[in-house]
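Here's the letter readout for the chains.
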Amino acid sequence: FLRCVDRPMAPRLAFGDVSSTVIHSIFSAPSLFQYNERMERKVALIAGAGGIVGRALMELLQNRDDWRVIGLSRRPVPELGAMRHVCVDLMDARSVQASRDLLRDTTHVFYTAYHQRPTSAEEVAPNFDMLRNLVETVESVAPNLRHVQLIHGSKWYGSHYGAYRTPAREDQ
């Protein structure tokens, strides 16, 4: 369910050129979760903090000494309690730009945001725009950005098309 896009700090992430990025399982990138005392504290920006996965990830990282966590969602999320949260509409580039000063320290983006539409075809444009608005803004203001993690659920495996054999395997 987890895929990541790593990039060196200098080149821009090209949204139209997936072949220029390295896509692999998060589990093949153990350095993401390893902490070295000489390293600075990592700053996680979690887009979609109001969702099930976003909230769980915020709680997980908030309890680690090597992470500082900032959650993003359109609406306030009372369940986050004292965790840092910013209300941002990712579909509105101006809304994302207005929060740029709060995003400067970001080292890692965990993207769990999702905008559901009636059909899969209708979901592409708004979800792409949300991702682009966030990544372009963070990339322009966060000099220490090292990692962008795309997190998605079971739709990756086609669960929204109906029943499938369990346990599901990627080669099915």
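Refer to the structure presented above.
Our subject in this report is the structure included herewith. (Residues numbered from 1 in each chain as written. Predicted model: local features only at pLDDT ≥ 70, side-chain atom pairs only at ≥ 80, totals over all residues. Heavy atoms only, no water.)

Turning our attention to the pattern of salt bridges. Taken as a whole and assessed by the stated rule, the structure comprises 6 salt bridges. For the salt bridge of Arg 68 with Asp 105, the shortest nitrogen-to-oxygen distance reads 3.4 Å. One end of the pair, Arg 68, is in strand β4 (residues 67-73); the other, Asp 105, is in the loop between α2 (93-98) and β6 (108-111), with 37 residues separating them in the sequence. The class for Arg 68 is partly exposed, based on a relative accessible area of 30%. Between Asp 129 and Arg 132 there is a salt bridge, with the nearest N and O atoms lying 2.8 Å from each other. Separated by 3 residues within a single helix, Asp 129 and Arg 132 lie in helix α3 (residues 120-141), roughly one turn from each other. (Salt bridge = Lys/Arg side-chain N within 4 Å of Asp/Glu carboxyl O. Helix = DSSP H or I, 4+ residues; strand = E, 2+ residues; numbered from the N terminus. Buried < 20%, exposed > 50% of the residue type's maximum accessible area, 1.4 Å probe, protein only.)

This part is about the layout of surface pockets. Within this model, the second largest pocket holds a volume of roughly 190 Å³. Residue lining of the second largest pocket: 12 residues in total, with Glu 40, Arg 41, Asp 105, Thr 107 and Asn 144 positioned closest to the centre. Class assignment for the residues of the lining of the second largest pocket results in 3 nonpolar, 2 polar and 7 charged. (1 Å grid on protein atoms, 1.4 Å probe; cavity = no way out; pocket = protein on both sides within 12 Å on 5 of 7 lines; lining within 4 Å. Points joined across faces, edges and corners; volume = space filled by probe spheres on them. Nonpolar A, V, L, I, M, F, W, Y, C, P; charged D, E, K, R; others polar.)

Turning to α3, a few remarks are in order. The end-to-end C-alpha distance of α3, which contains 22 residues, comes to 32 Å, matching closely the 32 Å that a straight helix rising 1.5 Å per residue would cover. Along α3, the residues classified as buried are Glu 123, Pro 126, Asn 127, Met 130, Leu 131, Asn 133, Leu 134, Val 135, Thr 137, Val 138, Glu 139 and Val 141. Tucked inside the fold, the buried residues of α3 contact β3 (42-47), β4, α2, β6 and β7 (147-151). (Expected span 1.5 Å × (residues − 1). Contact = heavy atoms within 4.5 Å.)

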